[in-house]
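What follows is each chain in one-letter form.
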Amino acid sequence: MAFIDEIQFHARAGEGGGGVVRWRHEKGKEFAGAAGGNGGKGGDVFVRAVRDVNILARHKAVKLFAAGNGEDGQNWSRQGRAGDDLYIDLPIGSIITNSETKRVVELVEDGQIEKILHGGRGGLGNEYFKASTNVRPEQSTGGMQPEEAGFIVELDLIADAGLIGLPNAGKSSLLNALTSAHAKVGSYQFTTLDPNLGALPGGYILADIPGLIEGASEGKGLGHKFLKHVKRTKMLLHLVSLEDVAAIEKNYLSIRKELEKYGNGLTDKKEVIILTKTDLVDTKAIKEARKILGSHSKDILEVSVLDDESIKKLSEAITERLTVK
Ligand SMILES: Nc1nc2c(ncn2[C@@H]2O[C@H](COP(=O)(O)OP(=O)(O)OP(=O)(O)O)[C@@H](O)[C@H]2O)c(=O)[nH]1
Ligand SMILES: [Mg+2]
């Protein structure tokens, strides 16, 4: 499932430090020679790929990403300290476009580093200008201005598994419990209007899409436009609420029917049924539900978002299924 999320940010590399005019002082000789050092180079700005889809949201509040400025040159011909480089962490799958130059950088693997802005060069101190024709140079130059630009980051993520099910089945609640996502949860239908993403501890990405209803494949409700995204996932996590065990088969089949009508191989995908809200029913009802749905699938898991132990078990079970080819 490929979802595009987008942020914009402004970044500036570091200014070069200025060159300085200094003189060597020796006993009896006040201006023994030019000794002004060059300025330090300004820091560069890099982007670095990390396995963390939620980092984009944290960057949204940052007004400006700035690398360190180089320091001015010093006496005794010493060069100024270079400015600190800045690394901006972005999720794997980020496509970064410089709005001015239109240069595009793509982060495709964990830890990948790309330079996006160059720091300014340091200026020249007076020692640099020393020559036989210029034994007491008074010149120095200022540091160079750094590169600066606006950037657009688009996230083209392929989710490994999609959470599907009727409205209110508990998809967003489960995404939040399994990952560090903060999807909106509500006791009414169609709480989710746009897809949400989250990453399991091992890095696998789950996508929570709006609830599907009968007729979704023909455009009813909201889920239909997201069905196309489910096409690219490896696995479907089909959530079925235990709240109404009597209707559980009908509910399950209504979603299967929509997947079938949509075509595109959705029904051929590996499907894991997840019985949700176990805390609302007794073990007898869970057994009953397993028996009813057992004729449709052999892989049935259960969970309650109120039970941490069940969340941990489910997280491991999903990771295991995504890892096995
Ligand atoms: N008791 C209990 N309530 C749950 C559990 N999981 C979800 N809920 C509740 O069920 C309701 C629906 O949860 P959501 O996570 O918004 O469901 P959804 O499937 O994302 O719904 P849509 O986005 O509308 O499709 C909310 O009131 C949740 O608090 C659970 O394990 N136990
Ligand atoms: Mg939801």
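To be clear, the structure that these remarks concern was listed above.
Presented here is an overview of the structure given in this document.

Reading guide: rules and limits
- Residues numbered from 1 in each chain as written.
- Chains lettered and ligands numbered in written order.
- Predicted model: local features only at pLDDT ≥ 70, side-chain atom pairs only at ≥ 80, totals over all residues.
- Heavy atoms only, no water.
- Near = heavy atom within 4 Å.
- Polar contact = N/O pair within 3.5 Å; in protein donor to acceptor, adjacent residues only side chain to side chain.
- Areas by Shrake-Rupley, 256 points an atom, 1.4 Å probe, with all protein chains shown as cover.
- Nonpolar A, V, L, I, M, F, W, Y, C, P; charged D, E, K, R; others polar.
- Core = buried A, V, L, I, M, F, W, Y, C linked by side-chain atoms within 4.5 Å.
- Buried < 20%, exposed > 50% of the residue type's maximum accessible area, 1.4 Å probe, protein only.
- Helix = DSSP H or I, 4+ residues; strand = E, 2+ residues; numbered from the N terminus.
- Contact = heavy atoms within 4.5 Å.
- Pairing = 2+ DSSP bridges.
- Axes fitted to C-alpha atoms, helices over the stretch in contact; angles between N-to-C directions.

## Topic: the site of ligand 1
Part 1 of the argument: By nearness alone, 22 residues border ligand 1, and Lys171, Ser173, Phe190, Thr191 and Asp279 come closest of all.
Part 2 of the argument: Note that an oxygen atom of ligand 1 is positioned 2.7 Å from one of the side-chain N or O atoms of lysine 171.
Part 3 of the argument: In this structure, lysine 277 approaches ligand 1 through a side-chain N or O atom, which is 2.8 Å from an oxygen atom.
Part 4 of the argument: Within the complex, the protein chains bury 87% of what would otherwise be the 650 Å² of accessible surface of ligand 1.
Part 5 of the argument: In the shell around ligand 1, the residues fall into 8 nonpolar, 11 polar and 3 charged.

## Considering the nonpolar core
Part 1 of the argument: Judged by nonpolar contacts, the single largest core of 23 residues is most densely connected at Leu174, Leu178, Leu206, Leu237, Ile274, Leu314 and Ile318.
Part 2 of the argument: No other element matches the 5 residues that helix 6 (residues 308–323) contributes to this core.
Part 3 of the argument: Contacts of leucine 314, omitting those with residues within four sequence positions, involve Leu174, Leu178, Ile274, Leu301 and Val303.
Part 4 of the argument: If you look at the next biggest cluster of nonpolar residues, it comprises 22 residues, including Ala11, Val47, Ile88 and Phe151.

## Some remarks on the sheet that holds strand 16 (residues 300–302)
Part 1 of the argument: Here we have 6 strands laid out as an open sheet, ordered 12-13-11-14-15-16, and mixed in their pairing. Because the sheet does not close on itself, it has two edges, and the strands there are strand 12 (196–199) and strand 16. Here the strands of the sheet are splayed against their neighbours by 25° on average, with no regard to which way each runs.
Part 2 of the argument: Sheet topology note: the strand 12/strand 13 (residues 205–208) ladder contains 4 bridges and is antiparallel. The residue of strand 13 that forms the bridge with asparagine 196 is aspartate 208.

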